[in-house]
Amino acid sequence: MQRRRLLFQLGFFALFLLAPALNLLRFDLTEAQLWFLGQRWSLGIDAFRAGEITANQAALQIILRAFLPAIVIIGVFLGVAWRYGRLYCGWLCPHFTLVETLNGVLQRACGKLSLWDRHRTRRTGIQPSARWWPVFFGLCTVFGFLWAITLLTYLLPPASIWGGLIHGTLTPNQARFLMAGSLIFTLEFAFARHLFCRFGCAVGLFQSLVWMANPKGMVVAFRREQARDCRTCSTAAHPQGSACDNGCPMRLHPRNIKRMMFSCVQCGQCLDACEETQTAQGREPLLEWRIGADAVRETLRQRKAEQAAQAGQKASS
């Protein structure tokens, strides 16, 4: 599953970088022109001004070529999120691809997946070394600049931006945008990439809200009646135990209830880790994806378990 996910991530990452240059999707501010799939996307306003079409025809053009496509795209996107959660984040989002890449490099530098982690996350074969610090901050800088110039090419002709960069003929405003954007993205990649994915990204936030509103949405189910088997949970990559927790790139605890998994990106790394450790011991995995009626039953079971735990705490106090 992780190989397939990596292929999806790399393919979409390349598409994100090349889309402006290939005119697959960009809005040219110099011409006030939207490009889509290599074609100029017109709403018919110029034709109306020239008297070539009537006001009713212009209104119909706007509905069919602007509002209707936007409604369909948003509807499909939220429909996927309603059923599967933040699938886009975990399987396509180019930003999250860089988050996972930087996680791996930072772990080689200090043994942590985030600078704000209190404890190290050990992995077999990885011995933290200070020589990886320049690599980590260097990648943050490169990715920050790449993000800034890519976003600028979505708004201005890519040929003029890259040409101006190579020949040193960027306009002052373009240069200021690149410097400010590079600095902001570099700091975000270095210090706040997980926080941005959890709380700062509107695309991810709306997916989470829609998913949380659907009791039948896909969830990671945990067989709590066999929780004792987690005591021997370890893999080659996570010999210290709690493989599902330590393998989560969003720093979540997959065995938690759904409302505590608000920013889960459905990457499936926790399921793979659980399957690896349990299969090695001749047991069935304790984590699995559930959807539909099974997801509802899992949510209800989680609530009952939580209520029972709370009642036990009150009784003991």
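Residues numbered from 1 in each chain as written. Predicted model: local features only at pLDDT ≥ 70, side-chain atom pairs only at ≥ 80, totals over all residues. Heavy atoms only, no water.

As for the packing of aromatic side chains
According to the stated counting rule, one finds 12 aromatic pairs in the structure shown. On the basis of an interplanar angle of 70 degrees and a centroid distance of 6.3 Å, the ring pair of Phe143 and Phe189 is categorised as edge-to-face. Pair noted here: Phe143 is in helix α6 (residues 133-153) and Phe189 is in helix α8 (residues 172-191), with a separation of 46 residues, a long-range link. Residue Phe143 shares its accessibility class with Phe189, and that shared class is buried. Through a chain of ring-to-ring contacts, three or more aromatic side chains come together here, namely Phe13, Phe16, Phe143, Trp147, Tyr154 and Phe189. In this arrangement the basic side chain of Arg65 is found over the ring face of Trp41, its NZ or CZ atom lying 4.4 Å from the centre. Sitting above the plane of the Trp211 ring, Lys258 keeps its charged end 4.7 Å from the centroid. (Phe/Tyr/Trp six-rings, centres within 6.5 Å; stacked < 30°, edge-to-face > 60°. Helix = DSSP H or I, 4+ residues; strand = E, 2+ residues; numbered from the N terminus. Buried < 20%, exposed > 50% of the residue type's maximum accessible area, 1.4 Å probe, protein only. Lys NZ or Arg CZ within 6 Å of the ring centre and 35° of its normal.)

Description of the environment of Ala180
Assignment of secondary structure puts Ala180 in helix α8. The exposure class assigned to Ala180 is partly exposed, which follows from its relative accessible area of 40%. As for Ala180 and Phe145, which are separated by 35 residues in sequence, their C-alpha atoms are 9.6 Å apart.

Regarding the sheet that holds strand β2 (residues 33-36)
The strand order across the open sheet built from three strands is β1-β2-β3, with neighbouring strands paired in antiparallel fashion. Looking at the sheet topology across the chains shown, the edges are occupied by β1 (25-28) and β3 (39-41). Between one strand axis and the next, the sheet turns through 30 degrees on average, direction left out of account. Inspection of the sheet shows β2 paired to β3 by three bridges, in the antiparallel sense. Bridge pairing in β3 places Leu34 opposite Trp41. (Pairing = 2+ DSSP bridges. Axes fitted to C-alpha atoms, helices over the stretch in contact; angles between N-to-C directions.)

Describing α8
For α8, built from 20 residues, the straight-helix expectation of 28 Å at 1.5 Å per residue is met to within 8% by its first-to-last C-alpha distance of 28 Å. Of all the residues in α8, the buried ones are Gln174, Leu178, Gly181, Ser182, Thr186, Glu188, Phe189 and Ala190. Where α8 is buried, its residues meet α5 (94-110), α6, α7 (158-167) and α9 (193-200). (Expected span 1.5 Å × (residues − 1). Contact = heavy atoms within 4.5 Å.)

A short note on the packing of α5 against α9
Their axes nearest at 10 Å, the elements α5 and α9 cross at an angle of 150 degrees. The angle between α5 and α9 places the two elements in the roughly antiparallel class. The element α5 and its partner α9 pack so that their crossing is left-handed. Between α5, through His95, Phe96, Val99, Leu102, Asn103 and Leu106, and α9, the contact on the second element is made entirely by Arg193, His194, Phe196 and Cys197. Split by residue class, the contact of α5 with α9 holds six nonpolar, three polar and one charged. (Parallel < 35°, antiparallel > 145°, perpendicular 65-115°, else oblique. Left-handed = near helix turned anticlockwise from the far one by under 90°. Nonpolar A, V, L, I, M, F, W, Y, C, P; charged D, E, K, R; others polar.)

Side note on the packing of α5 against α6
Close contact between α5 and α6 brings their axes to 8 Å; oriented N to C, the two are set at 165 degrees. As summarised for this structure, α5 and α6 are arranged roughly antiparallel, according to the angle between their axes. With respect to the hand of their crossing, α5 and α6 are arranged in left-handed fashion. In this structure, α5 uses Pro94, His95, Leu98, Leu102, Val105, Leu106, Ala109 and Cys110 to contact α6, whose residues at the interface are Trp133, Val135, Phe136, Leu139, Cys140, Phe143 and Trp147. Tallied by class, the residues present in the contact of α5 with α6 amount to 14 nonpolar, one polar and no charged.

Structural notes on α9
Looking at α9, one finds that the buried residues are Arg193, His194, Cys197 and Arg198. Down the axis of α9, the smallest arc covering the buried residues is 130 degrees, so these residues share one side. (Arc of directions from axis to C-beta.)

Regarding the pattern of salt bridges
Oppositely charged side chains are able to pair whenever their charged atoms sit close together. If you walk through the whole model with that rule in mind, you get eight salt bridges. As a salt-bridge pair, Arg5 and Glu100 come within 2.8 Å of each other at their nearest N and O atoms. One end of the pair, Arg5, is in helix α1 (residues 2-18); the other, Glu100, is in helix α5, with 95 residues separating them in the sequence. For Asp117, the salt bridge identified is with Arg251, shortest N-O distance 3.4 Å. On the criterion of sequence distance, the pair formed by Asp117 in the loop between α5 and α6 and Arg251 in the loop between α11 (243-247) and α12 (269-280) is long-range, its members being 134 residues apart. Members of the salt-bridge network, linked through shared partners, are Arg223, Glu288 and Arg290. (Salt bridge = Lys/Arg side-chain N within 4 Å of Asp/Glu carboxyl O.)

Describing the state of the cysteines
A complete count under the given rule lists zero disulfides for this structure. Among the cysteines around Cys140, which has no disulfide bond, Cys110 carries the closest sulfur, lying 12 Å off. Judged by relative accessible area, which is 0%, Cys140 ranks as buried. Counting only cysteine sulfurs, Cys267 is the nearest neighbor of Cys270, a cysteine outside any disulfide, at a range of 6.3 Å. (Disulfide = S-S within 2.5 Å.)

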